[in-house]
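These are the residues of each chain, in order.
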Amino acid sequence: SLAGTLKLGKLVALYDSNGISIDGKVAGWFTDDTAARFRAYGWNVIEGVVGHDVNAVDRALQGARASDRPTLIVCHTTIGLGSPAKAGSADVHGAPLGAAEVEATRRALGWTQEPFQIPEIVCQAFDARERGALLELDWRRLLGRYVEMHPEEAREFERVMAGELPAGFESAMERHLAGIRAKPEALATRQASQRALAAAAQALPELVGGSADLTHSNLTSWPECRTVRPGSGGNYISYGVREFGMTAVMNGLALHGGVIPFGGTFLVFSDYARNALRLSALMRLRVIHVYTHDSIGLGEDGPTHQPVEHVASLRLIPNLEVWRPCDGYETAVAWREALRRRDGPSALVLSRQALPAMARDDTMAVGVALGGYCLRTEAASLGLVLAATGSEVALAMSAAGQLERGGLGVRVVSLPCVERFLAQPDSYRQAVLPRGVPTLGVEAGHPAGLAAVLGCGAEVHGIATFGESAPGPELMQHFGFTVDHVVAHARRLIP
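As a starting point, this report considers the structure included with it.

How each quantity is defined
Residues numbered from 1 in each chain as written. Predicted model: local features only at pLDDT ≥ 70, side-chain atom pairs only at ≥ 80, totals over all residues. Heavy atoms only, no water. Buried < 20%, exposed > 50% of the residue type's maximum accessible area, 1.4 Å probe, protein only. Helix = DSSP H or I, 4+ residues; strand = E, 2+ residues; numbered from the N terminus. Pairing = 2+ DSSP bridges. Right-handed = clockwise from strand over helix to strand, strands pointing away. Axes fitted to C-alpha atoms, helices over the stretch in contact; angles between N-to-C directions. Expected span 1.5 Å × (residues − 1). Disulfide = S-S within 2.5 Å. Phe/Tyr/Trp six-rings, centres within 6.5 Å; stacked < 30°, edge-to-face > 60°. 1 Å grid on protein atoms, 1.4 Å probe; cavity = no way out; pocket = protein on both sides within 12 Å on 5 of 7 lines; lining within 4 Å. Points joined across faces, edges and corners; volume = space filled by probe spheres on them. Nonpolar A, V, L, I, M, F, W, Y, C, P; charged D, E, K, R; others polar. Parallel < 35°, antiparallel > 145°, perpendicular 65-115°, else oblique. Contact = heavy atoms within 4.5 Å. Core = buried A, V, L, I, M, F, W, Y, C linked by side-chain atoms within 4.5 Å. Left-handed = near helix turned anticlockwise from the far one by under 90°.

1. Examining the pairing of strand 17 (residues 409-414)
Among the six residues of strand 17, six are classified as buried, and the element is accordingly described as predominantly covered. Side chains G409, R411 and V413 project from strand 17 onto one buried face, and the interleaved V410, V412 and S414 project onto a second face that is buried too. Sheet analysis places strand 15 (residues 373-376) next to strand 17, joined by three bridges and oriented antiparallel. Residue Y373 lies in a different strand from strand 17, and its bridge partner there is S414. One ladder, built from six bridges, connects strand 16 (residues 382-388) with strand 17; its direction is parallel. Bridged to V385 within strand 17 is R411. Considered for its hand, the β-α-β crossover made up of strand 16, helix 16 (residues 392-405) and strand 17 is right-handed.

2. Observations concerning the sheet that holds strand 11 (residues 288-292)
Spatial ordering of the open sheet is given by 9-8-10-11-13-12, a layout of six strands whose pairing is parallel. The open sheet is flanked by strand 9 (236-238) and strand 12 (321-323), the only strands paired with a single partner. Neighbour to neighbour, the strand axes of the sheet diverge by 20° on average, direction disregarded. As paired strands, strand 8 (residues 207-211) and strand 10 (residues 260-266) are joined by three bridges and run parallel to one another. Looking across to strand 10, one finds that L207 is bridged to I260.

3. Things to note about helix 9 (residues 189-201)
In this model, helix 9 (13 residues) spans 18 Å end to end at C-alpha, consistent with the 18 Å of a helix rising 1.5 Å per residue. Extensive coverage of helix 9 is indicated by the burial of 10 of its 13 residues.

4. Some details on the state of the cysteines
The final tally for this structure, using the stated rule, is zero disulfides. Looking at C374, it has no disulfide partner, and the nearest cysteine sulfur is the one in C326, 14 Å off. The partly exposed category is assigned to C374, whose relative accessible area is 27%.

5. Side note on unusual backbone geometry
In this structure, D213 takes a positive phi of about 70° despite not being glycine. Overall, D213 belongs to the exposed group, its relative accessible area being 53%. One non-glycine residue, N319, lies in the positive phi region at around 75°. Within the fold, N319 resides in the loop between helix 13 (310-315) and strand 12.

6. As for the packing of aromatic side chains
Applying the stated criterion to the full structure yields eight aromatic pairs. The interplanar angle of 85° and the centroid separation of 5.1 Å between the aromatic rings of F38 and W43 together place this pair among those described as edge-to-face. Taking the centre distance of 6.2 Å and the plane angle of 65° together, the rings of F421 and Y428 count as edge-to-face. An aromatic cluster is built from W222, Y236, F262 and W335, whose rings are joined through pairwise contacts.

7. Regarding empty space enclosed by the protein
One simple way to see leftover space: roll a probe sized like a water molecule over the atoms. On inspection of all chains with the given rule, the structure shows one cavity of 30 Å³ or more. Of the voids in this model, the largest cavity is the one considered here, and its volume is about 40 Å³. Lining the largest cavity are L267, D294, P307, V308, V311, R324, E443, A444 and G445. Residues belonging to the lining of the largest cavity are distributed by class as follows: five nonpolar, one polar and three charged.

8. Focus on the packing of helix 8 (residues 168-182) against helix 14 (residues 328-340)
Running from N to C, helix 8 and helix 14 cross one another at 170°; their axes reach a closest spacing of 9 Å. For the element pair helix 8 / helix 14, the angle class is roughly antiparallel. Of the residues in helix 14, those touching helix 8 at F169, E170, M173, H176, L177, I180 and R181 are G328, Y329, A332, V333, R336, L339 and R340. The residue inventory of the contact of helix 8 with helix 14, partitioned by class, reads eight nonpolar, two polar and four charged.

9. Things to note about the nonpolar core
Among the nonpolar cores identified, the biggest contains 67 residues, and I288, W335, L339 and L386 are the most heavily contacted of them. Beyond its immediate sequence surroundings of up to four residues, W335 is in contact with S193, A196, L197, F262, I288, V290 and L348. Counting 13 residues, the second-largest nonpolar core is a separate cluster that includes V413, L415, V432 and L450.

10. Focus on the layout of surface pockets
Approximately 330 Å³ is the volume attributed to the largest pocket. In this structure, the largest pocket is lined by 18 residues; those nearest its centre are L433, R435, V453, L454 and G455. No other element matches helix 18 (residues 426-432), which puts three residues into the lining of the largest pocket. Looking at side-chain class alone, the lining of the largest pocket contains 10 nonpolar, five polar and three charged residues.

11. Quick word on the side chain of S193
Mapping S193 onto the fold places it in helix 9. Relative accessible area serves as the criterion here: at 2%, S193 is assigned to the buried category. Excluding residues that lie within four positions of it along the chain, S193 makes contacts with T331, W335 and L350.

12. Some details on the environment of G383
Inspection of the secondary structure assignment puts G383 in strand 16. Residue classification places G383 among the buried residues on the basis of a relative accessible area of 18%. Taking the C-alpha atoms as reference points, G383 and V259, 124 residues apart in sequence, are found 49 Å from one another. For G383, the contacting residues outside a window of four places in its chain are L408, G409, V437, P438 and I494.

13. Side note on the packing of helix 11 (residues 243-256) against helix 12 (residues 274-282)
Here helix 11 crosses helix 12 at 20°, and the two axes come no closer than 8 Å. It follows from the interaxial angle that helix 11 and helix 12 lie roughly parallel. Of the two elements, helix 11 crosses helix 12, and the hand of that crossing is left-handed. In this structure, helix 11 contributes F244, T247, A248 and N251 to the contact, and helix 12 contributes N275, A276, L277, L279 and S280. Here the residues of the contact of helix 11 with helix 12 are counted per class, giving five nonpolar, four polar and no charged.

In structure tokens:
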């Protein structure tokens, strides 16, 4: 494995050759030529380190720290060292040694302790309780003096480390929402996201943002942010094209505490971040994943960049809340809820193309925060429900108007966050999506994304194929995301 760690400002890479014996030869990709290439790049290369020798590895690390160049340490090991019959083979990796080989390995290693008995010398070597208690005591004394000398700063430090939002956060977001209601406008939800972020950042000094080399597309920067550079701090990180690395760093920042990290990339590239994204959900970390260019609506970049199955697959990750807002108002509420959340990550799925603003009143923020609500109430006896997310909410609204002109009572439900909606009491969910009423979901993604929430009997107007390369509006027409197509699909559900 090749692992990197930043230590005292110097990059140290540890390479474990971990060779497998094949006909008496060690197979592995690390060769003398590899070492030469690293040296040509200006690296300090330390070879011949026995990876099983703790003292040898320690000496190599000391040599790396003493160098003014990045260092590659090559550690030679044998997989399963000590097992007489299986050392140096893949057999030791994926299966138990077995009782006989365990006993043989104990004899080969000279290990005489009974199973699960830890020698006292090992316990003492790993027992850091006394040292840790002294270090904590020193820290508490230092913090106590800081509180006395700088009480206001100390309170702020304790607030951010506790993960509590400041008193001004709620009012800042309410002012932003009031501004959207007063002056609605059509814009891409990635643009709306940047505006909401700027409003939140005024009250949140603990925000640390970034992007995987797509800042100007993800719009994850804000006016007052400062990019982290060598020798100077900041609150915005240019991660480079490293979706997994970015997500892993955000996990580490959240685990440390005192900051709320977020980072952006295209939705389709969430695949590259999957392992770290899953871990942020598994560890219930307050991390915000900003995913833009959310559908075939992104257009000419073509099917390699057009996500189809991604929203559905993200919704399958336990404890991850996936928000796909339909306009600037829902986007602002999504940011507010993601920042409020302290027991897990959130993913904001945002459009490249401009979306119309929906008519709002000052009560709708509650419905958005619940994950689903009635955006348009039927004018006649309810005969059909259109449930949509993101860019397709406006499409559902237009289709509802055309259907209702034919005398059909149509309700439009916006579902910005399926996970939030499913967490609500059954009474609320039934009030929004009543059983027994023909229901059509509309989402420019795989139909499985909405099928679970809409339940048995409902249908989803989605896309289960990869996209094409063409302007966004042409693709929407091609794949049937038009008023006429939605109306025709809806009419097939009416008895």
